[in-house]
Amino acid sequence: QVQLVESGGGLVQAGGSLRLSCAASGRTFSNYAMGWFRQAPGKEREFVAGISWNGGSTVYADSVKGRFTISRDNAKNTMYLQMNSPKPEDTAVYYCAVYKGARLGPHVDYWGQGTQVTVSS
């Protein structure tokens, strides 16, 4: 019954902007940390950004720090990733994730199906 559905992916030019959304259904995730991961072809899935249950703390991978912003709207059970000035190396499938607890940690409880982001030069 639990579903995490990513949307907003697509083709964007380098230096442009894109906003990804992750809409949750089946249960409320307002008490859980959430995050974004990505996987490029032939590469391991990597952490992009995370946010605590109330948005009070955020963590970013060095590769996206200063360009991407993670946020959430618990009233809508939705999480976002604002991608500013994306680079071709940001091209990947982006996955929404819900962590096991209220704080960021090593264990992810649920994954979305992923949305493709392609950055053209």
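Details of the structure are given in the entry above.
Residues numbered from 1 in each chain as written. Predicted model: local features only at pLDDT ≥ 70, side-chain atom pairs only at ≥ 80, totals over all residues. Heavy atoms only, no water.

1. A short note on the pairing of strand S11 (residues 115–120)
Judged by which residues are buried, S11 turns out to be one-sided: Thr-115, Val-117 and Val-119 face inward and are buried, whereas Gln-116, Thr-118 and Ser-120, on the alternate face, are not. For strand S2 (residues 10–13) and S11, the ladder comprises four bridges, and the chain directions are parallel. Counted as the bridge partner of Val-12 is Val-119 from S11. Sheet analysis places strand S9 (residues 92–99) next to S11, joined by three bridges and oriented antiparallel. The partner of Val-93 across the bridge, within S11, is Gln-116. (Buried < 20%, exposed > 50% of the residue type's maximum accessible area, 1.4 Å probe, protein only. Helix = DSSP H or I, 4+ residues; strand = E, 2+ residues; numbered from the N terminus. Pairing = 2+ DSSP bridges.)

2. Some words on unusual backbone geometry
Located in the positive-phi region is Asn-77, a residue other than glycine, with phi close to 55°. Turning to its location among the elements, Asn-77 is positioned in the loop between strand S7 (68–73) and strand S8 (78–84). Since its relative accessible area comes to 14%, Asn-77 is described here as buried. Although it is not a glycine, Ser-85 adopts a positive phi angle of roughly 50°. Of note, Ser-85 is situated in the loop between S8 and S9.

3. What to know about the state of the cysteines
Counted by the stated rule, this structure contains one disulfide. Each sulfur of the disulfide joining Cys-22 and Cys-96 lies 1.9 Å from the other. Since a negative S-S torsion denotes a left-handed disulfide, the Cys-22-Cys-96 link at about -70° is left-handed. Separated by 74 residues along the polypeptide, Cys-22 in strand S3 (residues 17–25) and Cys-96 in strand S9 bring together distant segments of the chain. Considered together, Cys-22 and Cys-96 belong to a single accessibility category, that of buried residues. (Disulfide = S-S within 2.5 Å.)

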